[in-house]
2 protein chains.
Amino acid sequence: MDGLLAHLRQLLGAAGFREDGDLSPWEKDWRGRWPGSALAVALPASTEEVAAVVRACAAAGVAIVPQGGNTGLVGGGVPDATGRQLVLSLRRMNTIRAVDVANLTLTVDAGCLLTQVQAAAEENGLLYPLSLAAEGNCTIGGNLATNAGGTQVLRYGNARELCLGLEVVTPQGEIWHGLSGLRKDNTGYDLRDLFIGSEGTLGVITAATLKLHPRPGAVMTALAGFSDLNAALRLIDRSRRALDAGLTGFELMSAHALGLVQQWCPPMRSPLPATPWTALIELAAATEAQGQRQLEELLGDALACGDITDAAVATSLSQAAQFWALREAIPRAQALSGLNIKHDIALPVSAIPAFVSETHAALQAALPGCRPVTFGHLGDGNLHYNVQAPEGVEPATFLREQEALVNALVHDRVSALGGSISAEHGIGVLKREELARRKSPVALQMMRAIKQALDPQGLMNPGRLLPD
Amino acid sequence: MDGLLAHLRQLLGAAGFREDGDLSPWEKDWRGRWPGSALAVALPASTEEVAAVVRACAAAGVAIVPQGGNTGLVGGGVPDATGRQLVLSLRRMNTIRAVDVANLTLTVDAGCLLTQVQAAAEENGLLYPLSLAAEGNCTIGGNLATNAGGTQVLRYGNARELCLGLEVVTPQGEIWHGLSGLRKDNTGYDLRDLFIGSEGTLGVITAATLKLHPRPGAVMTALAGFSDLNAALRLIDRSRRALDAGLTGFELMSAHALGLVQQWCPPMRSPLPATPWTALIELAAATEAQGQRQLEELLGDALACGDITDAAVATSLSQAAQFWALREAIPRAQALSGLNIKHDIALPVSAIPAFVSETHAALQAALPGCRPVTFGHLGDGNLHYNVQAPEGVEPATFLREQEALVNALVHDRVSALGGSISAEHGIGVLKREELARRKSPVALQMMRAIKQALDPQGLMNPGRLLPD
């Protein structure tokens, strides 16, 4: 171990290696749920240095925890408590390597912040559409390692769909030069998609070639209120048929979720009269006038046939930002009102009404008075279905005592309806055991075989993703 | 071997097992390049029967060649000449299992024809956009096993992007129930995309859940003529910015390619005066009037600034069909004019002008008078860059004597410009050795490790895709 540390010290220099002092920025996740202890922190400045670090660790039998912006929600990017795992931070690798406007591609180091990637696209008159709450702190490498989602998936897909090629350091410390700006390439197994979403357990993503899109001429935002989720499905269907790829977002907020925002984040409040459900609809159009016309026609038809009871179209960018702020404030309002039991589930969109009513009934039967905070990316079938303690029950106690029961109730309904227990946050440490219970044994067996084949020493982010 | 045959005979019954008589429909590829000899042909009627066949073959150590519509171009779906490989045809599994309109998904057996899948979507007012020349004969299972492309990739992606979940029989004869209608699911390694494009070498795809899209209100088609490929890039850029997701096709045809159509497929001919290059542009719009307006504006601007010299917008469905027929007749016109040396290459779109001029110069230097037939899906960077013998040279002789040299010249340029030697046809037998020469050794090593991990007996479509 001492030999390894000395080797890394020399290899990476003072700027690239931290072993003393406060390592907590790399050791603690931001929710503070899995505080770990690192052997040391390597901060390589190039792909070659990453490869050298991995080779040295492989020779010494030391485990590596790759880390980007350390904004993950499932404990996948921080070391465990043993003090024997090396954190490999990609943050110093943050160069925009190349822009190819005619090919609509951007090649970037893994440690670039998501906002930096967005800005590089924008400077070239183009759009990199991945967008999520942590975008100012998360890295593109982390986004790819976890296949991040966010608010534009409905139109543009997850991080997976926005990536054409990768550069990866393998667990053996070799460099796979898989950067590629190709839309089509049928030359063998899809290694790119195998690394995307593998949470650092198969190798280290060091760079990526990303897919860009034209910037829409105008983006319009509206709120619509309605009384039941079947009406929401009809509204989505109507929106898709009317707008096709112009529909870029369809977010859902329950009355309780908006009530929390109003209570904990004043002066924010919905401009609509209270209804059981509110949708935020976002539309991209060639011009503002066209978008306005399309939205008014869409919402007018939905009002006329009774699917929605009220609607508001944002008439300025600042009003559109206010509508989005309502949606984005929900997690903060929830946190301010106390701890809660979080879920990040996906379902077929068609199964959402049944899920919400059945799960609500099951929760009320088991834990009368508990309060689901239902919101999320309805257009993708992705709900953040979080559960608060009943009025008057201490949130921390509720979390401690009821988390297992609530998770079981919620995830049982998810499984029964063909859903996923992790839509966009990944597995990490948090859901490893749950994955073992929920995932098909045949799939788990194939995952283990692939892990064993590519990382036979088991040194890449051990203890994450794959159940023991 | 006799025990296996007796077992399969009993398991599958007369309708499901063929060992005598003419097996040539399953043994010969349609180009007639790799005529094989099968041990027998299994035609299971259910996933359970597929699994039983695979288990029996695994126990007997007999190799399996999965087969769909047998329309492949690279020899990946026919048995070798030894008479020891079992053809496993999925053609009897051809049921549309389920449609979920609200979720925009369709679940189908692997043996459904592509046209059957398209029709099932259409009957529900929706679109399954995969479309290619063999659509009346190829199966969706084959499309997924080879990650098929076609004419709508620019807007909707390859077969990969149009699939949400798979059901697969593993090489051990277990069933992976990976059918899923989820847009988001981050619960472990992306097994779906590993099987897509693996050409039957990792298991047998038995069913899939496919992604549907709204049907556009109107589809418009235009032809535009121009004199150089840099103008084509400007036209693509202009089209993308003006139409965004409305741009569904951008096909390229050289003057020589259109000349072959005029010569060999009369009375077809382009309505435009001859120019070095012609593009076919397809646009989806909400209404015909809107599409007409958008196209006229786009082409008017391109004419005004000199990027194109002439254009024609189809004013009826039959005229649009005539425009497409020109593009689709090129392979037939070529075949009628004699054998040629085919390529299916992908490049960054930005590299296409350099590729075409450099390769043309290299070919003329080496083989004066040889005639490239340049056409393809320019919007995706995918060219079918086929090379004809010089005038007066016997095509078969040219193919026999010069194929290796021409392939080397073409593929060297492709490699130098960061391209792929197989954009949409796959590797099969045809390009296995070329893959060994062109693919990164690190990638090949990972591919071999994955193959070994999932199919340690090496019985799934051996001799295809992976170089020895």
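Scoring rules and cut-offs
- Residues numbered from 1 in each chain as written.
- Chains lettered and ligands numbered in written order.
- Predicted model: local features only at pLDDT ≥ 70, side-chain atom pairs only at ≥ 80, totals over all residues.
- Heavy atoms only, no water.
- Pairing = 2+ DSSP bridges.
- Helix = DSSP H or I, 4+ residues; strand = E, 2+ residues; numbered from the N terminus.
- Contact = heavy atoms within 4.5 Å.
- Axes fitted to C-alpha atoms, helices over the stretch in contact; angles between N-to-C directions.
- Buried area = accessible area lost by both parts, 1.4 Å probe.
- Salt bridge = Lys/Arg side-chain N within 4 Å of Asp/Glu carboxyl O.
- Polar contact = N/O pair within 3.5 Å; in protein donor to acceptor, adjacent residues only side chain to side chain.
- Nonpolar A, V, L, I, M, F, W, Y, C, P; charged D, E, K, R; others polar.

Labelled according to an unreviewed UniProt entry, chain A appears under the name FAD-binding oxidoreductase, originating from Ideonella margarita.

A. How the structure looks around the sheet that holds strand E13 (residues 247-254) of chain A. All names here are of chain A. Strand order across the open sheet formed by seven strands is E15-E12-E14-E13-E17-E18-E16, with antiparallel pairing between neighbours. Only two strands of the sheet have a single neighbouring strand rather than two, namely strand E15 (310-313) and strand E16 (345-346). Where E16 and strand E18 (residues 382-388) come together, two bridges link them in antiparallel fashion. When the sheet's bridge partners are listed, Ile345 is paired in E18 with Leu383. Packed on one face of the sheet, helix H11 (residues 317-336) meets strand E12 (218-226), E13, strand E14 (277-285), E15, strand E17 (371-377) and E18 and runs near 135° to E17.

B. Region of the structure containing the sheet that holds strand E4 (residues 85-89) of chain A. All names here are of chain A. With mixed pairing, the four strands of this open sheet are ordered in space as E1-E2-E4-E3. Sheet topology places strand E1 (17-18) and strand E3 (64-67) at the edges, where each strand pairs with a single neighbour. Pairing between E3 and E4: four bridges, direction parallel. Within E4, the position partnered with Pro66 by the bridge is Leu88. Along the sheet face, helix H3 (residues 47-60) touches strand E2 (38-42), E3 and E4 and points at about 170° away from the line of E4.

C. Broad picture of the environment of Pro214(B). Mapped onto the secondary structure, Pro214(B) falls in strand E11 (residues 213-214). Separated by 68 residues in the primary sequence, Pro214(B) and Glu282(B) place their C-alpha atoms 17 Å from one another. If sequence neighbours within four positions are ignored, Pro214(B) has contacts with Arg240(A), Arg241(A), Asp244(A), Leu104(B), Leu126(B) and Leu127(B).

D. Looking closely at the interface of chain A and chain B. Contact residues are listed per partner, giving 78 residues for chain A and 78 residues for chain B. Counting each side, the surface lost to burial between chain A and chain B is near 6300 Å², with a carbon and sulfur contribution of 57%. Considering only the side of chain A, the residues that lose the most area to chain B are Lys184(A), Asn186(A) and Tyr189(A), jointly responsible for 16% of the buried surface there. On the surface where chain A and chain B come into contact, there are eight salt bridges. Among the ionic pairs, Asp190(B) bridges to Arg160(A), the shortest N-O distance being 2.9 Å. The interface formed by chain A and chain B holds 32 residue pairs in polar contact (both at pLDDT 80 or more) in total. Listing elements by their share of the side of chain A that touches chain B, those giving two or more residues are helix H6 (153-156), strand E9 (175-178), helix H7 (191-195), helix H8 (229-243) and helix H15 (441-454) of chain A. At 10 residues, H15(A) tops the list of elements feeding residues into the side of chain A that touches chain B. Split into classes, the residues belonging to the side of chain A that touches chain B amount to 34 nonpolar, 27 polar and 17 charged.

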